Amino acid sequence: MTAFGKLVRSTAFRLTLVYLVVFAFYAAALIAYFALNTGRLITEQITETVDTELTYLSAQYTGGGLRRLVLIIESRSLRPGSSLYLITAPTGQALAGNVGSLAPGVLDSTGWSETVYRRLDEQEIAEHSALARVVQLSGGFRLLVGRDLEERVRMRSIITAAARGSVALVVVLGLAGGFFVTRRVLKRFDAVTETTQKIMAGDLSGRLPVTGIGDELDRLALNLNAMLERIEALMRGLKEVSDNIAHDLKTPLTRLRNRSEAALRTARSEADYREALESMLDESDGLIRTFDALLMIARAESGQARDNMIVFDAGDVVRGVCELYEPLAEEKGLAIKVETAEPAMIKGNRELLSQAIANLVDNALKYATPAQGAPAEIVLAARREAERVLLTVADRGPGIAEAERARAVERFVRLPQNMSEPGSGLGLSLAAAVAVLHGGELKLEDNAPGLKVVIALPRHADL
C-alpha cells in the first residue's frame, strides 16, 4: 500500500473527514441562518419605512386633498434614491409618481406585495423588484408606496459568495489539517509498530516512544512500557530460574544417582541398603522442598493466590510461627520474642504469609549465630505504621552487607558465609514474592548488629 493510500485509509483521517463534514454543515447552517435573519431585518426596515411614508401621505391627503398629495409625491419622486410612488384615479389612470410600469394586478387589491417595476426616468427597459403597499384613499383613489429590493438582493449575493468562500476555505484547511494530524498520528503508530515487531522478534528491551506531551498516546505508551518492563523482568527471571535449576539441582541429582550406584556396587547387607535408601530419601526431600518453594513463588508471582485472600490479624500469624519454631530455637540456645501491641489487620493469603515469615525465621535460626556480646534472640513483630502493617524478623547475627542485599533476594542465591548450612537460596525470594503479591515490599535493614527483614503490607480497615 502506498503512503497516500495508508494515510487516507487511517482512522485518524476518516475521523477528520467526519468532523470536517459536520463542521462544514454547521458553518453552512450558520451562514444560512444569518442570511435569513438579515433578509428578514431588511424587509422589516422596508415595511417600517413604507408604513411611515403612507401614514404621512394619507394625513396630507386628508388635510390638503389630492392636489397637495400630488405635489408632495412629485417632489419626493425627484430625490435620488427615493421610494416608489404612484397615485391612480378610480379609473386606474396614473396621476403622479415615478413608477413607469408594474406587474399586472398589483393595483387591483390593497395590501403588501412583491412586484417587478420600471421607473419613469429609466432610458432602458429594465425591471427591478420592489416591496410595495397599496392603500385605498377616499374618493376611489389609490396610493402605492414601495422600496426597491436591490439592497436585499445585493446582501444575499454577498452572503452567498461569502458562504461559498468560507465553506471552500473550511474544506481546504480541514483537509490540510487532516493530512497533517494524520501524518503525525501515523508516525507515532509506525514507531509503535516498529517497536512491537522488534519485541515479537525477541528483543524484549524495546520500548514504545514517549513524546512527553502527556496526551492519551503518551499515557498508553507509558502503561505499555511498564507492562513490557514487567514482562522482560519475568522472562529474565524465568531464564535465571531455568539456569539456576539446571545448575543447582544438578548437584543433588548427581549425588542421588551416585549413592544409588554405590549402594548397588558396594552394599552387602540389608543395613547397607537401608542406609543408602535413607540417604537418598533425605536428598529427595530436599529436592521436593526446593520444588515446593519454586511452585509457591510462581503461585505468588502469577497472582493465583489472590483468590484465597481473607482479612486477618497479622499478629496471629506471627505468634503462630513463633510457637512453631520455639522448640527448635531452644535447641540452638536462642530465644524467640514476639511484639504485637495492637491488632494489625491485613487482607491476604494467610498460608503464603505464614510460609514467608517461617522462611525468614528458619534463615535466622540457621545463619544468625549471635555476634559477640549480642543477645541470643530473634524478635518477631507486627505493628501498624500509618496505612501500613510492618512484619519484621530481626536477629543478632552477622547480617548481610548493604551491597549484597539486592542480590540476596534473588532465586538460588546463597552468600559465601552461608554455604556451610543446607538450603536452596529460595527463602528470601519467596518472602519478596509474597510481599509483592499483597501490594507491599520486602526490605533488608541493619539491626546493629544483625539483620532485620521487614515485610511492609497495606493495612486493612479494622473490623
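What counts, and at which threshold
Residues numbered from 1 in each chain as written. Predicted model: local features only at pLDDT ≥ 70, side-chain atom pairs only at ≥ 80, totals over all residues. Heavy atoms only, no water. Helix = DSSP H or I, 4+ residues; strand = E, 2+ residues; numbered from the N terminus. Buried < 20%, exposed > 50% of the residue type's maximum accessible area, 1.4 Å probe, protein only. Contact = heavy atoms within 4.5 Å. Pairing = 2+ DSSP bridges. Axes fitted to C-alpha atoms, helices over the stretch in contact; angles between N-to-C directions. Left-handed = near helix turned anticlockwise from the far one by under 90°. Polar contact = N/O pair within 3.5 Å; in protein donor to acceptor, adjacent residues only side chain to side chain. Expected span 1.5 Å × (residues − 1). Nonpolar A, V, L, I, M, F, W, Y, C, P; charged D, E, K, R; others polar.

Trainee: Can you help me understand the environment of Leu86 in this one?
Mentor: Mapped onto the secondary structure, Leu86 falls in strand S1 (residues 84-88). Leu86 sits in the buried class, given a relative accessible area of 6%. Spatially, the C-alpha atom of Leu86 lies 9.1 Å from that of Gly100, the residues being 14 residues apart in sequence. Once residues lying within four places of it in the same chain are set aside, the contact partners of Leu86 are Ala94, Ala96, Gly97, Val99, Leu102, Leu107, Arg142, Leu143 and Leu144.

Trainee: Please explain the pairing of strand S11 (residues 388-394) as it appears in this structure.
Mentor: Side-chain direction in a regular strand flips from residue to residue, so the side chains alternate between the two faces of the sheet. Across the seven residues of S11, six count as buried, placing the element largely inside the fold. Taken together, the seven bridges between strand S10 (residues 377-385) and S11 define a ladder with antiparallel strand orientation. The residue bridging Val379 from the neighbouring strand is Ala394, located in S11. In sequence, S10 turns back onto S11 through a hairpin of two residues, with Ala386 there showing a positive phi of about 60°.

Trainee: Just to check I follow, could you spell out the packing of helix H8 (residues 350-367) against helix H10 (residues 427-437) for this structure?
Mentor: Working note: a packed helix pair is described by the angle between its axes plus the distance between those axes. The geometry of H8 relative to H10 is characterised by a closest axis approach of 9 Å and an angle of 150° between their N-to-C directions. Of the two possible hands of crossing, H8 and H10 adopt the one that is left-handed. Residues Leu352, Leu353, Gln355, Ala356, Asn359, Leu360 and Asn363 of H8 lie in contact with H10, whose contacting residues are Gly427, Leu428, Leu430, Ala431, Val434 and Leu437.

Trainee: Any chance you could explain the side chain of Ser77 here in plain terms?
Mentor: By the secondary structure assignment, Ser77 is in helix H2 (residues 11-77). Note on Ser77: relative accessible area 14%, which makes it buried. Within the structure, Ser77 has its side chain in polar contact with the backbone oxygen of Ile73 (distance 2.7 Å). Leaving out residues up to four positions away in the same chain, Ser77 has contacts with Ser82, Tyr85, Gly97 and Asn98.

Trainee: When you look at the sheet that holds S11 in this model, what are you seeing that I'm missing?
Mentor: Think of a sheet as strands paired side by side through backbone hydrogen bonds, with each pair either parallel or antiparallel. Judged by pairing direction, the sheet is mixed, and its five strands sit side by side in the order S8-S10-S11-S13-S12 without closing on themselves. At either end of the open sheet lies a strand with only one pairing partner, and these are strand S8 (335-339) and strand S12 (441-446). On average, each strand axis in the sheet is inclined to that of its neighbour by 15°, with strand direction left out of account. Pairing geometry for S11 and strand S13 (residues 451-458), over seven bridges, is antiparallel. Along S13, the bridge assignment pairs Val389 with Leu457. Strands S12 and S13 of the sheet are contacted by H10, whose axis makes an angle of about 130° with S12.

Trainee: Would you mind going over the sheet that holds strand S2 (residues 94-97) with me for this structure?
Mentor: Strand order in the open sheet made by the six strands is S2-S1-S6-S5-S4-S3, with antiparallel pairing throughout. Either end of the sheet is taken by a strand with one partner, and the two such strands are S2 and strand S3 (99-102). Averaged over all adjacent pairs, the angle separating strand axes in this sheet is 35°, with direction ignored. Pairing between S1 and strand S6 (residues 142-148): five bridges, direction antiparallel. Counterpart to Ile87 in the pairing with S6 is Leu143.

Trainee: Is there a simple way to think about H8 in this case?
Mentor: Every α-helix carries 3.6 residues per turn, so stepping three or four residues along brings you back to the same face. Here H8 spans 26 Å end to end across 18 residues, near enough to the 26 Å set by a 1.5 Å rise per residue. Most of H8 is tucked away: 13 of the 18 residues are buried. Where H8 starts, the residue carrying a side-chain oxygen 3.1 Å from the main-chain nitrogen of Glu351 turns out to be Asn349.

Trainee: Hey, could you run me through the packing of helix H7 (residues 314-331) against H8 in this one?
Mentor: The N-to-C vectors of H7 and H8 enclose an angle of 35°; their axes lie 10 Å apart at closest approach. Classified by chirality, the crossing of H8 by H7 is right-handed. Counting all contacts with H7, which are made through Asp316, Val317, Val318, Val321, Tyr325, Leu328 and Ala329, the residues of H8 involved are Arg350, Leu353, Ser354, Ile357, Ala358, Val361, Asp362 and Leu365. When grouped by side-chain class, the residues that make up the contact of H7 with H8 number 11 nonpolar, one polar and three charged.

Trainee: Before we go on, may I ask you to explain the side chain of Thr38 in this structure?
Mentor: Relative to the helices and strands, Thr38 is located in helix H2. Given a relative accessible area of 12%, Thr38 falls into the buried group. Excluding residues that lie within four positions of it along the chain, Thr38 makes contacts with Met155 and Ile159.

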